[in-house]
Structures are given as C-alpha cells and as structure tokens.
Amino acid sequence: MTVESGTGVAGTVAHRQWLAGAIGAEISDAALRQVLLGLPGVDQVGTAERTASLATRSVKRDAKLWALDMAIRRVDLTTLEGADTPGKVRDLCAKARRPDPGDPGVPPVAAVCIYPDLVREARAGVAGTQIAVASVATAFPSGRASLAVKLADVADAVDAGADEVDMVIDRGAFLSGRYRQVYEEVRAVREACGRAHLKVILETGELATLDNVARASWLAMLAGADFIKTSTGKVSPAATPAVTHVMLTAARDFAAATGRRVGVKVAGGVRTAKDAIRYLVLVKETAGEEWLTPVLFRIGASSLLNDLLMQRSKQLTGVYAGPDYFSLG
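Residues numbered from 1 in each chain as written. Predicted model: local features only at pLDDT ≥ 70, side-chain atom pairs only at ≥ 80, totals over all residues. Heavy atoms only, no water.

Description of the overall build of the protein chain
- When you go through the protein chain residue by residue, the secondary structure sums to 13 helices and ten strands.
- Over its C-alpha trace the protein chain gives a radius of gyration of 19 Å, about what one expects of a compact globule, namely 20 Å for 329 residues.
- By principal-axis analysis of the C-alpha atoms, the protein chain measures approximately 60 × 45 × 30 Å.
- Across the 329 residues in the protein chain, those meeting the buried criterion constitute 53%. (Helix = DSSP H or I, 4+ residues; strand = E, 2+ residues; numbered from the N terminus. Rg over C-alpha atoms; globule rule 2.2 N^0.38 Å. Buried < 20%, exposed > 50% of the residue type's maximum accessible area, 1.4 Å probe, protein only.)

Description of the pattern of salt bridges
- Counted by the stated rule, this structure contains 27 salt bridges.
- We note a salt bridge from Arg180 to Glu26, for which the minimum N-O separation is 3.4 Å. Remark: Glu26 occurs in strand β2 (residues 26-27) and Arg180 occurs in helix α9 (residues 179-193); sequence separation between them is 154 residues.
- Of the residues examined, Arg180 reaches a relative accessible area of 27% and is grouped as partly exposed.
- Residue class for Glu26 comes out partly exposed when judged on its relative accessible area of 36%.
- Note that Glu184 is salt-bridged to Arg180, the shortest N-O span being 3.8 Å. Taken as a pair, Glu184 and Arg180 lie in helix α9 at a separation of four residues, close to a single helical turn. (Salt bridge = Lys/Arg side-chain N within 4 Å of Asp/Glu carboxyl O.)

Here we look at the side chain of Thr204
- Checked against the element boundaries, Thr204 lands in the loop between β7 (197-201) and α10 (210-222).
- Residue Thr204 is classed as buried on the basis of its relative accessible area, which comes to 7%.
- Filtering out sequence-adjacent residues up to four positions away, Thr204 remains in contact with Val213, Thr230, Ala238, Val243 and Met247. (Contact = heavy atoms within 4.5 Å.)

Comments concerning the nonpolar core
- Formed by 97 residues in total, the largest nonpolar core has its most connected members in Val112, Val200, Trp218 and Leu308.
- Core analysis: the second largest hydrophobic core is formed by seven residues, Ala134, Val136, Phe140 and Val168 among them. (Core = buried A, V, L, I, M, F, W, Y, C linked by side-chain atoms within 4.5 Å.)

Side note on the sheet that holds strand β10 (residues 297-301)
- A barrel is described by the order of its strands in space; here eight strands give the closed sequence β3-β4-β5-β6-β7-β8-β9-β10, paired in parallel fashion. Direction aside, neighbouring strands of the sheet carry axes that sit 25° apart on average.
- Pairing analysis gives four bridges linking strand β9 (residues 263-267) to β10, with the strands arranged parallel. Looking at β10, one finds that Ala267 is bridged to Gly300. (Pairing = 2+ DSSP bridges. Axes fitted to C-alpha atoms, helices over the stretch in contact; angles between N-to-C directions.)

Let's talk about the pairing of β7
- For β7, a buried count of four out of five residues is recorded, marking the element as mostly surrounded by other parts of the structure.
- Sheet analysis places strand β6 (residues 164-168) next to β7, joined by five bridges and oriented parallel. Residue Met167 lies in a different strand from β7, and its bridge partner there is Val200.
- With three bridges connecting them, β7 and strand β8 (residues 227-229) associate as parallel partners.

Examining the packing of helix α3 (residues 44-55) against helix α11 (residues 241-258)
- The geometry of α3 relative to α11 is characterised by a closest axis approach of 9 Å and an angle of 105° between their N-to-C directions. Classed by the angle they form, the pair α3 and α11 counts as roughly perpendicular. Two secondary-structure elements touch here, α3 through Thr47, Arg50 and Thr51 and α11 through Pro241, Ala242, His245 and Val246.
- Tallied by class, the residues present in the contact of α3 with α11 amount to three nonpolar, three polar and one charged. (Parallel < 35°, antiparallel > 145°, perpendicular 65-115°, else oblique. Nonpolar A, V, L, I, M, F, W, Y, C, P; charged D, E, K, R; others polar.)

What to know about the packing of aromatic side chains
- Summed over all chains, the structure comprises three aromatic pairs.
- A centroid spacing of 6.1 Å and a plane angle of 75° characterise the contact between Tyr115 and Phe140, whose relative ring orientation is edge-to-face. One end of the pair, Tyr115, is in the loop between β4 (111-114) and α6 (119-125); the other, Phe140, is in the loop between β5 (132-136) and α7 (147-159), and 25 residues separate them in sequence.
- Ring plane angle 50° and centroid distance 5.2 Å describe the contact between Phe174 and Tyr179, whose orientation is recorded as tilted. Neither Phe174 nor Tyr179 differs from the other in exposure class; each is buried. (Phe/Tyr/Trp six-rings, centres within 6.5 Å; stacked < 30°, edge-to-face > 60°.)

Some thoughts on α11
- In this model α11 runs 25 Å from its N-terminal to its C-terminal C-alpha over 18 residues, within 8% of the 26 Å that 1.5 Å per residue would give.
- In terms of burial, α11 is a largely internal element, 13 of the 18 residues being buried.
- Immediately downstream of α11, the backbone of Gly259 shows phi near 85°, a positive value. (Expected span 1.5 Å × (residues − 1).)

Here's the deal with the layout of surface pockets
- Volume-wise, the largest pocket comes out at about 660 Å³.
- As for the largest pocket, its lining consists of 32 residues, of which Thr78, Glu81, Ala301, Ser302 and Ser303 are closest to the centre.
- Listing elements by their share of the lining of the largest pocket, those giving two or more residues are β3 (75-78), α5 (86-97), β9, β10 and α13 (304-317).
- Of the residues in the lining of the largest pocket, the class split is twelve nonpolar, 13 polar and seven charged.
- Taken as a whole, the second largest pocket spans an internal volume of roughly 360 Å³. (1 Å grid on protein atoms, 1.4 Å probe; cavity = no way out; pocket = protein on both sides within 12 Å on 5 of 7 lines; lining within 4 Å. Points joined across faces, edges and corners; volume = space filled by probe spheres on them.)

The structure is reproduced here in structure tokens:
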C-alpha cells in the first residue's frame, strides 16, 4: 500500500481511516511531513506543571504494596555492558524469575534485556516462565551503521530466540529532517522482527525539544512500533516525566485515531521505588488504566528492582532490609 497524502492530525472519520491504513505502509515524504509537522505544538510550561502536579500524588499505605508489585511486574531487568558474560546473564535471569528468593510472593519481572549474542543464554535462563527475552539491536546505542548491518543485528537476535527487539532510531537523520529515512528503517526492522515485538528507542535526551519527541513518537508508531521507548540509558538526560508525558499522550491519541494501542517504555535514570510509582501515576492519569499492563508499559532498569524489594520488605515487616540483603543480579 502506498499512501500519497494526508490531512494533518485532524479528527475526521476519513482521516482516522487514513492513519489506520498508513500504519506500516509505504508513505510519501510529503504525506509523512504533513502528519508530523501538522501535530499540535507541545505546551512545555503546561507539561512541566502537569507532571509536577502528578508527582505530588501519594499512594495510600494500603495500596503501596499493590503498587510495588505492579512496578516489579513491569520491569525489564537489564544488563547492557561490554563486560557482560553468560554467567552474569544466568544470574540476571535467576533474579528475574525470583527477585527475592526468600519471599515467593514477589512476582517475576516482565523481561530481561541483553545484547544479541547473549539471547540464547537468556532464553535458557527464563525457560518455563512467561518472562520475555528482549534484545537491543540496530547498532545500539548509537545507531550509527548501515541498514544492512542493522538488519543483520536484528536477524541475529530473532534467530537466537528474542521475543522483543529494542532498536534505536537514527537521531542524526531525524534531526536533519530526513523523516522518511527514519520511517523506512523502522518499517524494515519491523518486518525483520517477524513475530518478535519491536520497541523503538527515541533517545529523547538527544531530540532537543518536546515537539521533536512527539514527532518521533508518531513516526515510530506509524512505522509499526509495538512500543516507543524513551532512551538507551547511555545518554543523559534519559527518561524524564516531561518526555514520558508527551510519549504517553502521543500513544493515547494514536490509539484514538487508529484503534491500535502502542506501549511506552521508560528507561534510564529510574532508580527508586518512588520514581517507579510516580511513573505509574503518570501512565494512569495520561494514557489511562488500559496502559497499566506489562503489554503496554515497561520500566527498563538495572538497580531499580532492589529498591522496589527494599520498599516491599518495609511494607511487610516495618523495617528496611537494606541494600546488601538483595542480590545485584
């Protein structure tokens, strides 16, 4: 299908039908620009005020344990270091399955996230569970490679058994206004993923403006992303409430326009249980309760899980267990 023209992001039935038909299709450069540049501008002051207001919301004591368990179930437990080893990945998978070996009531995490060459190790480590194996790809974290190299990276991950692929967009192309190039790369990666879900990393810390975050979100969703993700965790700032609010708003509006729900993942800088719960509140109040599921919301983290466990122990026993009580991975 080739889509030649659009009408901006209006709310007409005809335009909603056009957007729905455009998902994953070949779109002309002019039509893509019309959609992206036709998005309403993001009110930066309003966004800051809204996220600051939501950050003051408190979770009542009797709901705190529920919120902590909800956050744990949405964690993508991650190790993306050059020194990663099969042994470290096996330990990570054990942690993902039983975050606190002393408390069988703690739920497992949503996924483990690793490099493509360690997917088979992770696949074995979570065998017999519902935990997904996510692999970064497409020359993570820079994205500086040819499309052929990026697709080979994806093929390695999928062939090894990855359930999910986290790709990075070419920020240089996006910031230069080469939207169709970025769109076509996402389309090609989506096709290469086959049955695996595609999470598209925007690297919002390099996008400069919230308007760009909104445009990149819509571009990725139109190209067929199953998730849009804030960051690689390698660039500062990474996830922030403001960019997450913009992405959640885009996902909500995209679903209203097309009938297709796309997930949102925050990654990088989410280290405390308080942070995680604030993001859960942000999800509920921005996109709605429908997004409060691991299918539509994830938190990429390495150190967060232990703080969630510490706070959970405090809720149950009244005392902190301390960080040394829990394994690192």
